[in-house]
Amino acid sequence: MWCRALSFLRTSKALKSLLLDVDYVVTESCLSASRIDIATLLQDNTSLECLAILKVVNEVVLKAEEYIALVTALQHNTTLKTLQFCDSRRLELTDDEDKRMASLLKKNFALERLPGIYLAKNVVTILQLNAA
């Protein structure tokens, strides 16, 4: 359903910001698949600058591996500046995850902000360079 409902994201040239507030009962696997589907739709979008999927219920917590997979799926998007897939909980990256994320962000010059993640020094530096 998400893919059909949000298929306009691929070709939309007017939408700058999208906030999806997921506040109903949803399984972790369904939410994870939906995030990946949305990221895939956004690969070629030329206008969206901010994407947030927030307010997850049922203690569904985004894992670092999934965040890395989402950034990987979006690495060719040249307009997305802010990407947020966490609610009020903060995801803390390990040193290894920080290095992997920084390596991905070196290939994506658009991303400037990853709210919801406690960013270690490597990722912070790359995001600051992207913003500059």
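What you are looking at is a predicted structure, and each value in this text was computed from that prediction instead of being measured.

(A) Region of interest: the sheet that holds strand 3 (residues 82–84). A sheet is described by the order of its strands in space; here 3 strands give the open sequence 1-2-3, paired in parallel fashion. The open sheet has two free edges, formed respectively by strand 1 (17–21) and strand 3, since each of these has just one partner strand. For this sheet, the mean angle separating the axes of adjacent strands, direction not counted, is 5 degrees. Taken together, the 3 bridges between strand 2 (residues 50–54) and strand 3 define a ladder with parallel strand orientation.

(B) The arrangement of helix 5 (residues 121–131) in detail. Val123, Ile126, Leu127 and Asn130 are the residues of helix 5 that are buried. Viewed along the axis of helix 5, the buried residues span an arc of 100 degrees, placing them on a single side of the element. Exposed side of helix 5, more than 90 degrees from the buried face: Lys121, Gln128 and Leu129 are the residues found there. As for helix 5, its buried residues are in contact with helix 4 (95–105).

(C) Geometry of the packing of helix 4 against helix 5. Orientation of helix 4 relative to helix 5, taken along the N-to-C sense of each, is 20 degrees, at an axis distance of 8 Å. By the angle between their directions, the pair helix 4 and helix 5 is classed as roughly parallel. Considering the relative orientation of helix 4 and helix 5, their crossing is left-handed. Contacts between helix 4 and helix 5 involve Asp98, Lys99, Met101, Ala102 and Leu105 from the former and Lys121, Asn122, Val123, Ile126, Leu127 and Asn130 from the latter.

Conventions used here
- Residues numbered from 1 in each chain as written.
- Predicted model: local features only at pLDDT ≥ 70, side-chain atom pairs only at ≥ 80, totals over all residues.
- Heavy atoms only, no water.
- Pairing = 2+ DSSP bridges.
- Helix = DSSP H or I, 4+ residues; strand = E, 2+ residues; numbered from the N terminus.
- Axes fitted to C-alpha atoms, helices over the stretch in contact; angles between N-to-C directions.
- Buried < 20%, exposed > 50% of the residue type's maximum accessible area, 1.4 Å probe, protein only.
- Arc of directions from axis to C-beta.
- Contact = heavy atoms within 4.5 Å.
- Parallel < 35°, antiparallel > 145°, perpendicular 65-115°, else oblique.
- Left-handed = near helix turned anticlockwise from the far one by under 90°.

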